[in-house]
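For reference, the chains in residue letters:
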Amino acid sequence: MKKRYIVFGAVALLMVLACSTGPNFSLDYDKYQLDNGLTVILHHDGSDPVTAVAIQYHVGSNREEPGKTGFAHLFEHMMFQESQHVGQDQFFKKIQSAGGSLNGGTGNDGTTYYEVVPKNALEMALWLESDRMGYLLPRMTLEAFKNQQGVVMNEKRQTTDNRPYGQTGFIIDKLLYPEGHPYSWQVIGSMEDLAGASLRDVHAFHQKWYRPNNATLVVAGDYNPATIREMIKKYFGEIESGDPVTDLEPQRVTIDVTTRVWYEDDFATSPELTMVFPTVEQYTDDAYALDMLGRLLSSGKKAPLYKVIVEEKKYAPSVSGYNSSQEIAGVFQFRIRAFPNISLTDVEKAVFEAMDRFEKEKFSEKDLARLKAGIETNFYNGISSVLGKAFQLARYNEYAGSPDYLGKDLERSLAVTSEDIWRVYNRYLKNKPYVETSFVPRGQTKLAVKGSEQYPEIEDNAEKLEALMAANTEEIVVEDIPSSFDRSVEPPIGPDPELKLPDIWQGRLANDIAIYGIQHDELPLVQFAIRLKGGMLLDEPDKIGEASLLADMLTEGTKTKTPVELEEAIDDLGARISVSAGDEAITLRANCLVSRFDEVLALAQEILFEPRWDEKEFKRLKSQAVESIKRSKINPSAVASDVFAKLVYGPGHKLAMSRLGTEKSVEKITIDDLKRYYKTNVSASVADITIAGDISRDRALRAFRILNPWQAKEVRFPLLPDVHDAEKTRLYFVDFPGARQSQIRAGHLGPAATDPDFYRVQVMNYQLGGSFNSTLNMILREEKGWTYGARSGFSGSTHPGTFMASSGVQAQFTLESLEIVRDAITGYRNGITEEQLAFTQDALIKSNARRFETLGALMGMLSDIADYDKPFNYIKKEEDIVKNMTLEQHRELAREYLHPDHMIYLVVGDASKYARRLRQLGYGRPIMLDKDGRRKE
């Protein structure tokens, strides 16, 4: 059956194709089923020579068993290893060499895999996906399993165990859900379960769940409609079906009493309160109403939680409250990360005060309509790429029963009434029991909510885990699975799609502001950006953070609009407007429906030209900035990158500074400083505009004429001192007591983005650390299993940048990981192989077919042109650089731009356990630094 969605305004109507007339947008699809039960959905979109393949398996962590948690996610990793007809680590390599991208993801309810490839590589993508669906087990060896077991355990250390508040979800789920409930454990599983997993367990998991009758395959994009069905049948049709899979029934949770616990967090510096109320599963009337309720309670300046906790009591810089409904149950959650030393007892009282205010002051129909106004814009943004369309079609088919629900989902969101919202408020929140956690910094238990009980310490016993892993040594041999054709023959990739650059237009306003644009009319959306050169570089040296604070202030009201009124004006248009500051620019960005473009641009003009200078908002933003700086120092990865920049550029150099500034520099900034910055540096002479979307050059230029009165004035840019490489290689260490991972950084000064060699060195780095199949990642992750990922790269702007290799590694292998990084960089200067150069060339050139699909991608292209004065055809010129690069040129670039004798090595981790061993690296005793990069000795 072929159907099409018609979207009129903000209402989606499902109509039969033959009945469609005058749509603003349509999304058609074909759906059918193979004999083995695999559901196939096809969506043809020939606007770009790109195709997405997505498979949604209806198996997530909710299908696991107590004692065997984390298997769904672990198995996701195994699916990228090797299958009967595809060699070890070839999934990423083959897709990337074809110019594509790929990945996977696991959640509570499902697991998704995808490839986005140039259309000529579609058959190869189907071959790869079918091989790991039906022919994985014969190559699922103990060695491959042990490797990915280590990778996943390191992922858990990096994303959960080694970061502040990382254990919140674990504790909440243990307390909220009864034992054995499918949501009572984390998606990533427990360390003990992961370490104790056996190869036999994993084989059984695949056999039960990874069957065609438990999956939806979506092909979306540019393909040949005449051959696609036969191609899918060839590769997937003979895969054996599994036992019937029954969808899980809803398992809602009810609790009779409130449970409060506190937990001491080694990484936190501020207390955090989390309150969770059980609700309902997804796609129910109550779930839609709860979604709206969460926004009304916490989103925006009128929201009672914001008014009470942020604005009036100043307990926290921000608040969040939202509903999260999944396949079988749901929760409504409040989360408030308070300022240091704030009592969470007071925060809890403030939450209930805000709820009382919500009941007394209520909300208007206009407030509800304002929330709904952004839904249509979000709908279009969600299907702006073929991958986004594939994800939506697959998800709705698996969890709502049909792709048709794409339109129904939108309809039901828009149909929520005020009565619905009050109903769910009273049913699930008002006077209802909840589960609550107080996460407090180590030694500050007095900040926990009164009456809370201590939750037991969560430990990572490395010796115990190693013993569990060592106990499972059984190898399993599975005979090769027969096929009706020779699957070892890789499908040929057809001719590469011709690279057709988007048509870029340029114009100038009367005040000489340059405008660069691309018309892209697939969706009724427009994105634009107004950039002001300068950013942090124009901050006063002792007041770094001025540009960042100014950017934040610009959206806090205008001369004629209070902060609340400005926020409402933006929301009324269903638009997004933001202002942000970087090292070298302040940029206003907007995203909206094309029908609202003129009104959104008028608001952007008002924001830029008529700042309100609200003293109250300035004090709040300044306090928030200081707190953000403090919180960045509890994240080992953020500290590593921040300190590395200081070591490369030297103390006091502006390029060594964070755009946020330091606690000291921000405390010095006054609102008069921001007014001075604005008066001196916000000028048409340093502005440019980029725009992409469903808008013509003539219409855009007419609209932007409202900026013609903007006067140009001279803006003086400071001369930055020259920077040089370190005289010799040095090793530094920042102590994070108790860290279960070590963050490592290695590198030195690099060229500016304006350097003629900048793109060449990026090409040169690709095999070293620029992709999944790079040397660093393949050794540290795929061979050793010590990290979740390792990369290297050159970054730069109009000023010299850096070369940096980075990874978060298992703490006990810190020394060995540094040795691998050192040896890889040193050896890379000797050159790469012809095969590696060919892989680099294929991956970089062929991926250009995917480069122009979304408005975000087009805006990135225009930004490069505006920022660095690149020619309109610069991508073609980059292709020529890649095509013509020889092994000798590659080697010369590596020798010129990789400096193993002038390296900076930095480790952020537990010094008491691992610093002493690092002397074996050969660079002497590590120089100890604090979290600001200052020497401690």
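Here the structure is a predicted model, which is why all the values come from computation and not from measurement.

1. With respect to the overall build of the chain
Reasoning step 1: Along the chain, the regular secondary structure elements total 32 helices and 26 strands.
Reasoning step 2: Principal-axis analysis of the C-alpha atoms gives the chain an extent of 75 × 70 × 65 Å.
Reasoning step 3: When the 937 residues of the chain are sorted by exposure, 59% land in the buried category.
Reasoning step 4: Excluding contacts between residues fewer than 6 apart, the proportion of contacts in the chain whose partners are at least 24 apart in sequence is 82%.
Reasoning step 5: Between the mean site of the 112 positive side-chain charges and the mean site of the 135 negative ones, the chain shows a separation of 5 Å.

2. A word on the nonpolar core
One recurring pattern in soluble globular proteins: nonpolar side chains tend to sit buried together.
Reasoning step 1: Formed by 82 residues in total, the largest nonpolar core has its most connected members in Leu 293, Ile 309, Phe 334 and Leu 429.
Reasoning step 2: If you tally residues by element for this core, the top one is helix α9 (residues 285-298), at 8 residues.
Reasoning step 3: If sequence neighbours within four positions are ignored, Ile 309 has contacts with Lys 314, Tyr 315, Ala 316, Val 319, Ile 336, Ala 350 and Val 351.
Reasoning step 4: Within the second largest apolar cluster, 65 residues are counted, among which are Leu 42, Ala 121, Leu 137 and Phe 236.

3. Looking at the pairing of strand β20 (residues 687-693)
Reasoning step 1: For β20, a buried count of 7 out of 7 residues is recorded, marking the element as mostly surrounded by other parts of the structure.
Reasoning step 2: Here β20 shows no split at all, with Ala 687, Ile 689, Ile 691 and Gly 693 on one side and Asp 688, Thr 690 and Ala 692 on the other all buried.
Reasoning step 3: Inspection of the sheet shows strand β16 (residues 514-519) paired to β20 by 6 bridges, in the parallel sense. The residue of β20 that forms the bridge with Gly 517 is Ile 691.

4. Some points on the packing of α9 against helix α14 (residues 405-414)
Reasoning step 1: Viewed as axis vectors pointing N to C, α9 and α14 meet at an angle of 55 degrees, and their least axial separation amounts to 9 Å. Regarding the angle of α9 to α14, the classification is oblique. As α9 runs across α14, the sense of the crossing is right-handed. Of the residues in α14, those touching α9 at Asp 285, Tyr 288 and Met 292 are Tyr 405, Asp 409, Arg 412 and Ser 413.
Reasoning step 2: Of the residues belonging to the contact of α9 with α14, the class tally is 3 nonpolar, 1 polar and 3 charged.

5. Notes on the pattern of salt bridges
Reasoning step 1: Under the counting rule described, the total for this entry stands at 66 salt bridges.
Reasoning step 2: Residue Glu 281 is joined to Arg 252 by a salt bridge in which the shortest nitrogen-to-oxygen separation is 2.8 Å. With Glu 281 in the loop between β10 (272-278) and α9 and Arg 252 in the loop between α8 (228-236) and β9 (259-265), this residue pair connects regions lying 29 residues apart in the sequence.
Reasoning step 3: Judged by its relative accessible area of 9%, Glu 281 falls in the buried class.
Reasoning step 4: Of the residues examined, Arg 252 reaches a relative accessible area of 47% and is grouped as partly exposed.
Reasoning step 5: Two residues, Lys 430 and Glu 359, come together in a salt bridge whose shortest N-O distance is 3.1 Å.

6. Things to note about the side chain of His 85
Reasoning step 1: The topology assignment puts His 85 in the loop between α1 (71-78) and α2 (90-97).
Reasoning step 2: A polar atom in the side chain of His 85 sits 3.3 Å from the side chain of Gln 84.
Reasoning step 3: Polar contacts involving the side chain of His 85 include one to the side chain of Asp 131, which spans 2.6 Å.
Reasoning step 4: Residue contacts for His 85: discarding those within four places in its chain leaves Trp 127, Asp 131, Tyr 135, Arg 487 and Ser 488.

7. A look at the sheet that holds strand β23 (residues 787-795)
Reasoning step 1: Here we have 6 strands laid out as an open sheet, ordered β23-β24-β22-β25-β21-β26, and mixed in their pairing. Because the sheet does not close on itself, it has two edges, and the strands there are β23 and β26 (927-929). The mean angle between the axes of side-by-side strands here comes to 20 degrees, regardless of whether they run parallel or antiparallel.
Reasoning step 2: Here strand β22 (residues 741-750) runs beside strand β25 (residues 904-909); their pairing, made up of 5 bridges, is antiparallel. Its bridge partner lying in β25, Ala 746 is registered against Tyr 905.
Reasoning step 3: Against the sheet, helix α25 (residues 758-769) touches β23 and β24 (801-810), its axis set at about 165 degrees to β23.

8. Points about the environment of Ser 658
Reasoning step 1: Along the chain, Ser 658 turns up in the loop between α21 (636-649) and α22 (663-668).
Reasoning step 2: Each C-alpha atom, one on Ser 658 and one on Met 885, is 36 Å from the other, the two residues being 227 residues apart in sequence.

9. A word on the sheet that holds strand β19 (residues 585-593)
Reasoning step 1: Pairing within the open sheet is mixed, and its 6 strands lie in the order β15-β16-β20-β17-β19-β18. Where the open sheet ends on each side, the last strands, each with one partner, are β15 (504-508) and β18 (576-581). Strand after strand, the sheet turns through a mean of 15 degrees between neighbouring axes, direction not considered.
Reasoning step 2: Two strands pair when backbone bridges link them, and β18 and β19 are joined in this way by 6 bridges, in the antiparallel orientation.

10. Some points on the packing of helix α26 (residues 775-783) against helix α27 (residues 814-828)
For any two helices packed against each other, one specifies the crossing angle of their axes together with the interaxial distance.
Reasoning step 1: Interaxial distance between α26 and α27 falls to 10 Å at its minimum, and their mutual angle equals 160 degrees. The angle between the axes of α26 and α27 places the two elements in the roughly antiparallel class. For the pair α26 and α27, the crossing hand works out as right-handed. Residue-level contacts link Thr 775, Leu 776, Ile 779 and Leu 780 of α26 to Ser 817, Ile 820, Val 821 and Ala 824 of α27.

11. Side note on the pairing of strand β7 (residues 111-118)
Reasoning step 1: For β7, the tally of buried residues reaches 8 of 8 residues, placing the bulk of the element in the interior.
Reasoning step 2: With 8 bridges connecting them, strand β5 (residues 50-57) and β7 associate as antiparallel partners. Bridge pairing in β7 places Ala 52 opposite Val 116.
Reasoning step 3: Where strand β6 (residues 101-106) lies against β7, 6 bridges are found, and the strand directions are antiparallel. When the sheet's bridge partners are listed, Gly 104 is paired in β7 with Tyr 113.
Reasoning step 4: Once β6 ends, the chain turns through 4 residues before running back antiparallel as β7.

12. Digging into the environment of Ser 418
Reasoning step 1: Checked against the element boundaries, Ser 418 lands in helix α15 (residues 418-429).
Reasoning step 2: When its relative accessible area of 8% is taken as the criterion, Ser 418 is described as buried.
Reasoning step 3: A C-alpha to C-alpha distance of 47 Å links Ser 418 and Asp 867, two positions 449 residues apart in sequence.
Reasoning step 4: Leave out the neighbours within four places in its chain, and Ser 418 touches Phe 363, Glu 365 and Leu 368.

13. Thoughts on the packing of aromatic side chains
Reasoning step 1: Tallied over the entire structure, the rule returns 36 aromatic pairs.
Reasoning step 2: With centroids separated by 5.2 Å and ring planes inclined at 35 degrees, the aromatic side chains of Phe 80 and Phe 92 adopt a geometry described as tilted. Highlighted residues: Phe 80 in the loop between α1 and α2 and Phe 92 in helix α2, separated in sequence by 12 residues. Take Phe 80 and Phe 92: they sit in the same class, and that class is buried.
Reasoning step 3: With 6.3 Å between their ring centres and 40 degrees between their planes, Tyr 283 and Tyr 396 make a pair best called tilted.

14. Considering the confidence of the model for the chain
Reasoning step 1: Per-residue pLDDT for the chain averages 93, and the proportion of residues at 70 or more is 97%.
Reasoning step 2: Scored below 50 in pLDDT, residues 1-26 makes 67 contacts in the model with residues more than four places away or belonging to other chains.

15. Some thoughts on helix α5 (residues 168-176)
Reasoning step 1: Buried within α5 we find Thr 168, Ile 171, Ile 172, Asp 173 and Leu 176.
Reasoning step 2: Residues of α5 that are buried sit in contact with β9, β10, β12 (330-337) and β13 (435-441).

16. As for α1
Reasoning step 1: Most of α1 is tucked away, with 8 of its 8 residues classed as buried.
Reasoning step 2: Restricting attention to buried positions, one finds in α1 the residues Phe 71, Ala 72, His 73, Leu 74, Phe 75, Glu 76, His 77 and Met 78.

The rules behind the values
Residues numbered from 1 in each chain as written. Predicted model: local features only at pLDDT ≥ 70, side-chain atom pairs only at ≥ 80, totals over all residues. Heavy atoms only, no water. Helix = DSSP H or I, 4+ residues; strand = E, 2+ residues; numbered from the N terminus. Buried < 20%, exposed > 50% of the residue type's maximum accessible area, 1.4 Å probe, protein only. Contact = heavy atoms within 4.5 Å. Lys, Arg positive; Asp, Glu negative; His and termini not counted. Charge placed at Lys NZ, Arg CZ, Asp CG, Glu CD. Core = buried A, V, L, I, M, F, W, Y, C linked by side-chain atoms within 4.5 Å. Pairing = 2+ DSSP bridges. Axes fitted to C-alpha atoms, helices over the stretch in contact; angles between N-to-C directions. Parallel < 35°, antiparallel > 145°, perpendicular 65-115°, else oblique. Left-handed = near helix turned anticlockwise from the far one by under 90°. Nonpolar A, V, L, I, M, F, W, Y, C, P; charged D, E, K, R; others polar. Salt bridge = Lys/Arg side-chain N within 4 Å of Asp/Glu carboxyl O. Polar contact = N/O pair within 3.5 Å; in protein donor to acceptor, adjacent residues only side chain to side chain. Phe/Tyr/Trp six-rings, centres within 6.5 Å; stacked < 30°, edge-to-face > 60°. pLDDT = per-residue confidence, 0-100.

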